[in-house]
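# Results of the structural survey
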There are 2 protein chains.
Amino acid sequence: MKPKKMLMIVCDGLSDRPVKQFDMKTPLQAARKPAMDALARHGISGSMDVIAPGIIPGSDTAHLALFGYDPYKVYTGRGPIEAAGAGIDVKKGDVAFRCNFATVDASLRVIDRRAGRIKSGTDRLAKAVSGMRIEDVTVVFKEGSEHRGALVFKGPGLDFRVSDADPHAEGRVLESKPLAPEAEKTARVLNEFVRRSYDLLKDDEVNRERMRGGQSPANILLPRGAGSIRELDPLSKRYGITCAGVAGVTLVKGICRLVGMDVPDVPGTTGGLDTDYKAKADAALSLVGSHDFVFVNVKAGDVAGHDGDFRTKVQVVENIDMMLGLILKDLHEDVVTVLTADHSTPVNVRDHSADPVPVTVSGGGSRVDGVKEFDEVSTATGALGRIRGTELMPILLGMADRAPKYGA
Amino acid sequence: MKPKKMLMIVCDGLSDRPVKQFDMKTPLQAARKPAMDALARHGISGSMDVIAPGIIPGSDTAHLALFGYDPYKVYTGRGPIEAAGAGIDVKKGDVAFRCNFATVDASLRVIDRRAGRIKSGTDRLAKAVSGMRIEDVTVVFKEGSEHRGALVFKGPGLDFRVSDADPHAEGRVLESKPLAPEAEKTARVLNEFVRRSYDLLKDDEVNRERMRGGQSPANILLPRGAGSIRELDPLSKRYGITCAGVAGVTLVKGICRLVGMDVPDVPGTTGGLDTDYKAKADAALSLVGSHDFVFVNVKAGDVAGHDGDFRTKVQVVENIDMMLGLILKDLHEDVVTVLTADHSTPVNVRDHSADPVPVTVSGGGSRVDGVKEFDEVSTATGALGRIRGTELMPILLGMADRAPKYGA
């Protein structure tokens with residue numbers, strides 16, 4: 001049998017709980033969503049603990065699980081994911097950090113952890129610090145949005161188990177401490193990096209200009225969230241498939257890159273409520289032509305959940321449904337398609353929750369159960385049962401006739 | 001989001017199999033139980049393997065699992081649980097045993113393993129043996145109901161891996177043997193304890209009196225079921241919650257104490273068919289006011305199951321339903337409530353069985369599925385799916401907004 005193509009659509013945080021003021025419905029239950037319901041009607045559905053029952057997934061650990069990786073084995077911290085998202089090539093052995101551009105006084109006391117939420121000039125400041133050598137370590141730094149950036153150390157004998165230099169509040173910049181004997185060198189290099197960042201940035205033209213205008217200078221970098229990549233074999237090597245991901249958010253892009261996906265820039269995909277759904281649909285259809293496995297993340301539902309905004313979340317469902325409709329209209333029936341969420345972000349919680357998420361798999365000759373609607377409760381009674389996040393990718397590969405055989 | 005309170009009601013052994021003479025119904029299906037059914041209608045339901053598929057749970061291992069502990073990691077034997085239930089403070093490093101008062105002849109042959117089911121005087125006999133020192137070990141002994149008692153050794157270098165002194169039949173008292181080299185001292189102390197118990201008890205006034213009345217003297221103690229407490233972090237430490245348990249049976253009380261629950265004495269709760277259901281309901285409601293997590297065990301269903309008495313079991317269901325109705329009438333809707341059983345005790349088996357048990361979680365903004373009745377088969381089609389006993393507590397904590405987050 002010819003192996004089939006696979007498409008995974010992850011609606012970030014879309015899953016919810018029933019809300020009393022809205023007739024005890026969840027946003028998914030309250031929305032008009034003919035495409036999602038059609039997918040459920042033509043496939044098999046279930047309920048998924050993305051990490052495990054009673055564990056609230058972060059978007060990072062959740063996506064690792066959805067791609068088939070056990071986050072308890074491969075996840076060490078947010079650093080490498082943000083760095084990969086920023087476009088830095090993170091390799092095994094590297095140690096990566098998230099960073100803030102911040103404002104300190106001459107005694108290295110933090111005055112503003114976000115350097116007045118600096119909007120421009122960080123590209124020039126980034127160039128000033130990136131590429132430096134500390135001992136035998138090469139420093140790679142890349143700016144992100146506003147005051148954010150990503151830092152990667154490349155060199156021998158590094159270990160991610162170091163404490164943050166970022167004090168996470170106003171006060172003195174912290175001396176990073178090794179949290180394991182093997183991490184002594186990394187802490188030493190990190191502290192030297194922070195000192196040098198101040199020396200290199202404090203008199204830069206960008207900061208002189210800011211000070212002239214009465215703005216806080218971005219005169220130091222405060223690293224946090226150290227992490228390394230552990231045994232993260234790319235999907236191509238694990239499953240022998242070519243992969244591509246469409247995402248607006250840096251974090252999700254980073255995970256896609258770490259697992260070896262092509263991550264094309266899709267103009268108009270913002271990771272916000274204003275993302276261009278049609279552009280995502282077009283990109284997904286085009287990538288299904290060129291790749292074995294295509295992943296699409298839509299962030300907007302999570303944003304509405306964090307905002308506690310039921311009506312907007314209903315609108316997001318209907319927008320995603322429109323996008324899904326565009327995809328399904330032109331998608332070959334042999335493509336195994338999964339629709340799910342990475343976690344719940346109930347509007348009454350305004351944060352991620354441990355509630356399981358709905359999941360439907362359809363297309364490619366999938367079995368068909370009696371589930372007629374795509375929502376948290378309807379799918380939970382389907383033929384897929386209650387599964388774990390790390391089981392989804394193997395199930396998908398199985399339905400696409402790409403599973404390994406065990407025994408004879 | 002403010003964390004919610006949690007209430008877990010465990011109907012001991014209530015789960016069953018269909019019985020031909022009763023129209024192929026289980027006792028749960030045959031009973032009138034409006035409160036249970038209302039709970040199912042307003043929540044999500046499932047089917048639960050309390051230990052694992054095809055493993056018959058004991059009440060001890062089952063309750064450990066329901067409280068979120070992996071019994072394969074924390075359970076070593078019944079001894080510590082009975083001892084805690086009897087009110088002895090059992091600590092890590094102690095070795096605990098269940099004991100029978102028995103009757104032996106002068107050559108230490110067991111004549112009656114239950115000393116004529118002695119009804120009174122064991123408190124006095126217990127005082128005669130408790131507190132003795134053997135080598136550097138302190139002996140704590142406490143009488144239980146009838147011929148039963150609990151024994152705890154406290155001292156350095158003890159190990160629970162010793163064989164029973166109780167021959168479990170008439171015949172010679174057994175010499176306890178170490179089952180691991182580290183347990184040599186414990187076996188030696190245990191054998192010395194058994195010998196001394198005979199010396200101390202044989203001429204006690206209680207036994208002289210019994211012999212004068214033609215009754216078997218309780219002239220020796222026969223320990224069995226050695227166990228230790230392993231890494232049993234209390235629930236308060238594991239989850240940061242205050243806990244209370246209501247139970248009539250010593251065994252269940254013991255588990256509640258071992259996991260760090262407050263276990264108030266509730267007059268009228270007997271652990272038998274005659275337990276005071278209204279007293280239990282009142283206690284549960286009052287404890288929900290003062291604690292984060294409240295547990296209620298009702299033993300009567302298990303008793304009817306062991307008796308093979310279908311009609312009595314139906315009556316037990318209806319009594320528990322009355323108790324649940326009293327609770328739900330006054331319970332705040334924000335309390336996440338779970339109704340389940342610790343194992344099945346089918347009337348046709350007259351013992352525990354491996355059949356999964358029904359489970360419903362409701363309240364606190366829970367999702368709502370289509371399940372309308374609380375019984376073994378109806379709940380199994382619900383949105384909770386098929387879960388394991390150790391997953392229940394994490395699920396409950398998740399719904400109560402008390403779950404940990406993993407990742408960012």
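Being a predicted model, the structure only gives us computed values, none of them experimental.

We now examine the overall build of chain A. Within chain A one finds 14 helices and 15 strands. The C-alpha atoms of chain A give a radius of gyration of 23 Å, which matches the 22 Å a tight globule of 408 residues would have. The dimensions of chain A, computed from C-alpha atoms along their principal axes, are 70 × 55 × 35 Å. Element-wise, carbon and sulfur atoms account for 49% of the exposed surface of chain A, whose accessible area totals about 16000 Å². Between the centroid of the 55 positive side chains of chain A and the centroid of its 55 negative side chains there is a distance of 1 Å.

Residue and element names in this part refer to chain A. As a packed pair, helix α6 (residues 122-129) and helix α7 (residues 184-201) sit with axes 10 Å apart at the nearest point and diverge in direction by 125°. Our classification of the angle between α6 and α7 gives oblique. Relative to α7, the crossing made by α6 is right-handed. Mapping the contact onto sequence places L125, A128 and V129 in α6 and F193, S197, L200 and L201 in α7. Across the contact of α6 with α7, the residue classes break down as 6 nonpolar, 1 polar and no charged.

Turning to the pattern of salt bridges, a few remarks are in order. Applying the stated criterion to the full structure yields 66 salt bridges over all chains. Residues K91 of chain B and D89 of chain B are paired through a salt bridge, measuring 3.0 Å at the closest nitrogen-oxygen approach. K91 of chain B gets classed as partly exposed once you look at its relative accessible area, which sits at 47%. We classify D89 of chain B as partly exposed; its relative accessible area is 48%. Between D282 of chain B and K278 of chain B there is a salt bridge, with its nearest N and O atoms 3.0 Å apart. Of this pair, D282 of chain B and K278 of chain B both sit in helix α11 (residues 277-290), 4 residues apart, which is roughly one turn of that helix. Connected through salt bridges with shared partners, the residues R17 and D355 of chain A together with K4 and D401 of chain B form a single ionic network.

Moving on: the pairing of strand β13 (residues 357-362) of chain B. Residues and elements named next belong to chain B. Burial of β13 is extensive: 6 of the 6 residues sit out of reach of the surface. Burial along β13 is two-sided: V357, V359 and V361 and P358, T360 and S362, pointing in opposite directions, are all buried. For strand β2 (residues 43-49) and β13, the ladder comprises 6 bridges, and the chain directions are antiparallel. Counterpart to I44 in the pairing with β13 is V361. Examined bridge by bridge, strand β12 (residues 336-340) and β13 share 4 bridges and lie antiparallel to one another. Residue pairing in the sheet places T340 in a bridge with V359 of β13.

Moving on to the pairing of strand β11 (residues 293-298) of chain B. Residues and elements named next belong to chain B. Here β11 lies mainly inside the structure; 6 of its 6 residues are buried. With burial as the criterion, each face of β11 is covered, one bearing F293, F295 and N297 and the other bearing V294, V296 and V298. Bridge analysis of strand β1 (residues 6-11) against β11 gives 6 bridges, and the strand direction is parallel. For C11, the partnering residue across the bridge sits in β11 and is V298. Inspection of the sheet shows strand β10 (residues 243-246) paired to β11 by 4 bridges, in the parallel sense. Each bridged residue has a counterpart across the sheet, and for C243 the counterpart in β11 is F293.

All names here are of chain A. Spatially, β11-β12-β1-β13-β14-β2-β15 is the arrangement adopted by the 7 strands of the open sheet, whose pairing is mixed. Edge positions in the open sheet fall to β11 (243-246) and β15 (385-388), since each of these has one partner strand only. The average undirected angle you get between the axes of adjacent strands in this sheet is 20°.

Here the focus is the sheet that holds β13 of chain B. Residues and elements named next belong to chain B. If you trace the 7 strands from one edge of the open sheet to the other, you get β10-β11-β1-β12-β13-β2-β14, paired in mixed fashion. Two strands lie at the open edges of the sheet, namely β10 and β14 (385-388), each paired on one side alone. On average, each strand axis in the sheet is tilted by 20° relative to the strand beside it, whichever way the strands run. Sheet analysis places β1 next to β12, joined by 5 bridges and oriented parallel. Note on β12: the bridge partner recorded for M6 is V336. Set on the sheet, helix α3 (residues 59-66) makes contact with β1, β2 and β11; between it and β1 the angle comes to about 160°.

This part covers the side chain of D49 of chain A. All names here are of chain A. With respect to the element layout, D49 can be found in strand β2 (residues 43-49). Residue D49 is classed as buried on the basis of its relative accessible area, which comes to 3%. Of the polar contacts made by the side chain of D49, one reaches the side chain of R386; its length is 2.7 Å. Ignoring sequence-local partners within four residues, the contact set of D49 consists of P356, R386, I387, R388 and G389.

Our focus in this paragraph is the relation of the copies chain A and chain B. Overlaying chain A with chain B gives an RMSD of 0.3 Å, the required rotation being 123° about an axis along which the chain moves by 0.4 Å. Each copy turns onto its partner about a three-fold axis. Little of the interface of chain A is mirrored in chain B, where only 3% of its interface residues are also at the interface.

To continue, consider the environment of T138 of chain B. Residues and elements named next belong to chain B. Examined against the element boundaries, T138 turns out to sit in strand β6 (residues 137-143). The class for T138 is partly exposed, based on a relative accessible area of 25%. Each C-alpha atom of the pair T138 and H306 lies 38 Å from the other, and the pair is 168 residues apart in sequence. Not counting residues up to four positions away in its chain, the partners in contact with T138 are M132, R133, V152, F153 and K154. Side chain to side chain, T138 and R133 meet in a polar contact 2.8 Å long.

Each partner contributes to the interface: chain A provides 35 residues, whereas chain B provides 25 residues. Of the roughly 2300 Å² buried between chain A and chain B on both sides combined, carbon and sulfur atoms contribute 54%. Summed over the shared surface of chain A and chain B, the number is 3 salt bridges. At the junction of chain A and chain B, the tally comes to 17 residue pairs in polar contact (both at pLDDT 80 or more). Only β3 (56-57), α3 (59-66), α4 (71-74) and β15 of chain A provide two or more residues apiece to the side of chain A that touches chain B.

With that settled, the discussion passes to the confidence of the model for chain A. Averaged over every residue, the pLDDT of chain A is 95; the share at 70 or more is 100%. Among the scores for the predicted complex, ipTM is 0.87 and pTM is 0.90.

This part covers the packing of aromatic side chains. Applying the stated criterion across every chain yields a total of 14 aromatic pairs over all chains. On the numbers, 6.5 Å between centres and 85° between planes, the contact of F67 of chain A with F293 of chain A is edge-to-face. Here F67 of chain A is found in the loop between α3 and α4, whereas its partner F293 of chain A is found in strand β12 (residues 293-298), with 226 residues between them in sequence. Both residues of the pair, F67 of chain A and F293 of chain A, count as buried. Measuring from ring centre to ring centre gives 5.7 Å for Y75 of chain A and Y406 of chain B, while their planes differ by 75°; the resulting arrangement is edge-to-face. Taken together, the residues span two chains, with Y75 of chain A in the loop between α4 and α5 (79-85) and Y406 of chain B in strand β15 (residues 405-406).

Calculation criteria
- Residues numbered from 1 in each chain as written.
- Chains lettered and ligands numbered in written order.
- Predicted model: local features only at pLDDT ≥ 70, side-chain atom pairs only at ≥ 80, totals over all residues.
- Heavy atoms only, no water.
- Helix = DSSP H or I, 4+ residues; strand = E, 2+ residues; numbered from the N terminus.
- Rg over C-alpha atoms; globule rule 2.2 N^0.38 Å.
- Areas by Shrake-Rupley, 256 points an atom, 1.4 Å probe, with all protein chains shown as cover.
- Lys, Arg positive; Asp, Glu negative; His and termini not counted.
- Charge placed at Lys NZ, Arg CZ, Asp CG, Glu CD.
- Axes fitted to C-alpha atoms, helices over the stretch in contact; angles between N-to-C directions.
- Parallel < 35°, antiparallel > 145°, perpendicular 65-115°, else oblique.
- Left-handed = near helix turned anticlockwise from the far one by under 90°.
- Contact = heavy atoms within 4.5 Å.
- Nonpolar A, V, L, I, M, F, W, Y, C, P; charged D, E, K, R; others polar.
- Salt bridge = Lys/Arg side-chain N within 4 Å of Asp/Glu carboxyl O.
- Buried < 20%, exposed > 50% of the residue type's maximum accessible area, 1.4 Å probe, protein only.
- Pairing = 2+ DSSP bridges.
- Polar contact = N/O pair within 3.5 Å; in protein donor to acceptor, adjacent residues only side chain to side chain.
- Least-squares fit on C-alpha atoms with pLDDT ≥ 70 in both.
- Buried area = accessible area lost by both parts, 1.4 Å probe.
- pLDDT = per-residue confidence, 0-100.
- Phe/Tyr/Trp six-rings, centres within 6.5 Å; stacked < 30°, edge-to-face > 60°.

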